[in-house]
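# Tertiary structure, described
Chain by chain, the residues run as shown.
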Amino acid sequence: MRIVIATGENEVTMSTSTTGADTTAVEAPFALDGEEVLRHLEASADGLTSAEAGRRLARGGRNELPEPPRAPWWRRFVGHFEDVLIYILLAAASLKAVLGEWVDFTVILAVAVITALIGFLQEGRAQKALDSIKGMLSLDAQVRRDGTWGLVDAAALVPGDLVRVRAGDRVPADVRVLSATNLQVEEAALTGESVPSVKDVAPVGADAGVGDRTSMLFSSTLISTGVGEGVVTTTGAGTEIGKIQALVAEADRLDTPLTRRLTALGKHLAIMIGVMALVMLVIGRVIHNFPHDELISAAIGFAVAAVPEGLPALVTVTLALGVRQMARRRAITRRITSVEALGSVTTICSDKTGTLTQNEMTARVVVTPAGTYTVDGQGYAPDGQVLDAAGERATVDSHPDLRALAYAVGCANDAKIEQADGLWRVVGQPTEGAVEVLAVKAGADTDAVTRVAQVPFESATKLSATLDDVPGTGRVVHVLGAPDRLLERCTDQWSPVGSTPLDMATWVRVNDELGAQGLRVLAAASVRTSSRPASADPDALSLADLDTGLTFLGLVGIVDPPRPEATAAVADCHTAGIGVKMITGDHAGTAVAIARELGIIGADEEAEALTGPELETMTQSELRRRVRDVDVFARTSPEHKIRIVKALQSHGEVVAMTGDGVNDAPALTRADIGVAMGIKGTEATKEAADIVLADDNFATIERAVEEGRRIYDNIHKSVVFLLPTNGAQSLVILVAVLFGMSLPLAPVQILWVNLVTSITLSLALATEPGEPGIMRRPPRSPDETLLPRASLTLVLLTSVIIGAATLLVFELERMNGVDMARAQTAAVGMLALSQLAYLFTCRFLTATSLHPRALRGNPMIWVAAGALMALQLVFTYAPFMNAWFGSAPLYWRDWVLMIALSFVVLLLTETAKAASRLLAHPRPTEALSREVRI
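A brief report on the enclosed structure follows.

### Overview of the overall build of the protein chain
In terms of helices and strands, the protein chain carries 32 helices and 30 strands. Long-range pairs, those at least 24 residues apart, make up 71% of the contacts in the protein chain between residues at least 6 apart in sequence. As presented, the protein chain carries roughly 37,800 Å² of accessible surface, and 58% of it is formed by carbon and sulfur atoms.

Structure (structure tokens):
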């Protein structure tokens, strides 16, 4: 294909080739005349010959989306070992193997492998998104070759092929329309447009966006009505849907805030471990002259002690519990770390159609010559009523002007509404479905009307008409269509006394006012058959019969209404400090009106949408400067959505992108959190998303954000709880080496304490309920550290307290003459019981735990405590555990000492927490200076 780059008044044209797309593709076929497109493609009205099609297929490739290269499973698994903390464990295991300590080697290696396996089992979703888009291509197509029409495999189409489509067909490739009869295409999944796009042969401007290219049919879109023929211009990866696949594949998947914080924490821990291990080796060799094997064992013990190998499992299980809780709230999580990231969201970029709105066109306003009516109810459900200016119910029996209009719009359309599985849906055009529901709400019995003849809707005339026998009225011609097309055919307008001259200026003004409110406007007209020429066939109706003499009945304002719960959800997001931006392919006026109704922009706020063509002229730096001040983006393409998301992220925003169409998939992939609609969302979008809303309810996002915040709070509590275990163990090893003492803990014993506390005690914190007012506080800053100064202070003080208690127990045991195995077992027990005491401290980080509430409210606390004690008894008294871990049975007096000291630990950690709380609420101007960047 050719790429044209406009620079001022000049154009630079270059050629390139695209996998799966023939290099004969023509540039901007939508802006050229059909005959000119055929000439560029070296095709004719008789189609290609089979031989020529074969040559083009060999040169350009099949009409399929290319398979991206896939790494083998073993390479993907190995990739999960690329973590600095895993490197430390692997190095420790290798040294143990060199020393021949195979039990230690096996335990350490098993921990590393299990940690990597957890990550390996979570991947693969991006490839599914590509596969689902590929599956949207039609399987076959009606093609003209060698002068005759036939059915061929859609994958064998090439540029230059003539294809024919009709209602119900999926478009097999990107096609330039050559002929069209009432041709309309459902493109909502590609463009976000809620109403089918009317197609014709007339070329459009070269700068027209995808949604405005009325002379083109796009691959995978659905023909809703009519028939048409066209020439294939692009196939495979060169089609619009192929470009979306490329955007999905190329969109960078960003780490979540929690992932970034954990990565930073791991790097800082690795540096600290390396420095401290080196210092310990030097001191142990130079000052205490430790033997090499003992010194290496001490260094390994220190490294293993400092690595929080239970942290990945802790975070994963905590998030998994959150996933289950969110599923109960109708939010299905596809990427486990997204649960926490959703709690960090600062901006939600939402598609309009099907996400904030119902994607069900609804009549909202009726204006007749006699007055204005409002229509309540939502969507295609025939529940609701028509209300007059006084707020009283209006029906066809009590309001003759409404009767005339309701019968006109109800009879002159081919849509039907039906109920299936408890949901109302329209069979036919959405706008016709809206006026069909309006007729039902007004009480018009259109089923009793007999249709005699019809003039079907065509894009050229933009109207439809029926000749009907109406009980009690007689034979009437009913007309429905675009206001401008009907007004020019009307000579008068309805009045209680029959008719009065048409007030053209008033109706043009009313039409403009309705359009300014974001409403799509239809007009209705009629004419009694008695007004038709006597020579006319009484049972026939033609377009010529509608040229003049119609009686104007009024206007109907139609809108794709906001979801009832979406307005409240937007308000809740604003209360929680979360910005909401609408990004849609719809027209600017409609988008702004819906945004104002939803509360995205204020009712009195002067707001304009930033449109796709305006985005095209803006550089990325210009967009970055404006993006935070604009809340509505209209007529956007998939490329625009990614640019908007990137611009927001450049300001440090954590962005969630919601949507339901395939055009949303690339932006969902690029965003920090992609949220898809589960019912009306396309498969490609659901596969690309991190979270799928099972009920298509925008309000579910607000509940998911609340759950995400609760989960992050609990992860923070768990990290604050878990790190003192590693800190105390590292301190014990370091003190032992610095003072030339025997090692109180063996490396495998350290691993035991780390794992047993992380899989029991810390998991109890994962089930802590949310704090009061959790949705009244602003989102966490993306730069907020995992351990602010107050938490870090508590971790350090607790590490010293627990480490001192462990060393005290070990030394008291050795002073009493017990052997090394029993003294080390007592030290392990002291570590475990100290962590149990500290667990109660961590339940309430901003309040004291020396209160009866610390004993209730979370039954998992007691389950975890019981599990810990059971495991510790097995560690102490089971012979096989004694053999594997070098433990030994303890006496009752050992337990009394450990339990008494654990209460002391509780009192001391509560004191440390009280001191750290003094740093918990710094003045805003001091906030940044009071954080330690970890």
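Now that the structure has been shown, the text picks up again.
### Considering the nonpolar core
Val-479, Leu-546, Met-582, Ile-600 and Phe-698 are the most contacted members of the largest nonpolar core, which has 134 residues in total. For this core, the element with the highest residue contribution is helix α25 (residues 698-738), accounting for 18 residues. Excluding anything up to four places from it in sequence, Leu-546 contacts Val-455, Leu-463, Ala-465, Val-477, Val-479, Arg-489 and Leu-541. Judged by nonpolar contacts, the second largest core, of 37 residues, contains Ala-394, Val-437, Ala-524 and Ile-558.

### Here we look at the side chain of Gln-493
Topologically, Gln-493 is positioned in strand β21 (residues 490-495). Among the residues examined, Gln-493 registers a relative accessible area of 11% and is labelled buried. A distance of 2.8 Å separates polar atoms of two side chains, one belonging to Gln-493 and the other to Trp-507. Ignoring sequence-local partners within four residues, the contact set of Gln-493 consists of Pro-369, Gly-498, Ser-499, Thr-500, Pro-501, Leu-502, Asp-503, Trp-507, Thr-551 and Phe-552.

### As for a nonpolar patch on the surface
Taken together, Trp-73, Trp-74 and Val-78 make up a surface patch of nonpolar side chains, about 360 Å² in accessible area. A residue is classified by how much of its surface remains accessible, and Trp-73, at 55% relative accessible area, is exposed.

### A closer look at the packing of helix α29 (residues 820-843) against helix α30 (residues 860-877)
Two elements in contact, α29 and α30, have axes whose closest approach is 11 Å; the angle formed by their N-to-C orientations is 175°. It follows that α29 is roughly antiparallel to α30 by the angle criterion. Contacts between α29 and α30 involve Thr-825, Val-828, Gly-829, Ala-832, Leu-833, Leu-836, Leu-839, Phe-840 and Arg-843 from the former and Ile-861, Trp-862, Ala-865, Leu-868, Met-869, Gln-872, Phe-875 and Thr-876 from the latter. Residues that form the contact of α29 with α30 fall into these classes: 12 nonpolar, four polar and one charged.

Cut-offs and rules
- Residues numbered from 1 in each chain as written.
- Predicted model: local features only at pLDDT ≥ 70, side-chain atom pairs only at ≥ 80, totals over all residues.
- Heavy atoms only, no water.
- Helix = DSSP H or I, 4+ residues; strand = E, 2+ residues; numbered from the N terminus.
- Contact = heavy atoms within 4.5 Å.
- Areas by Shrake-Rupley, 256 points an atom, 1.4 Å probe, with all protein chains shown as cover.
- Core = buried A, V, L, I, M, F, W, Y, C linked by side-chain atoms within 4.5 Å.
- Buried < 20%, exposed > 50% of the residue type's maximum accessible area, 1.4 Å probe, protein only.
- Polar contact = N/O pair within 3.5 Å; in protein donor to acceptor, adjacent residues only side chain to side chain.
- Patch = residues over 30% accessible without salt bridge, like charges linked within 9 Å, V, L, I, M, F, W, Y side chains within 5 Å.
- Salt bridge = Lys/Arg side-chain N within 4 Å of Asp/Glu carboxyl O.
- Axes fitted to C-alpha atoms, helices over the stretch in contact; angles between N-to-C directions.
- Parallel < 35°, antiparallel > 145°, perpendicular 65-115°, else oblique.
- Nonpolar A, V, L, I, M, F, W, Y, C, P; charged D, E, K, R; others polar.

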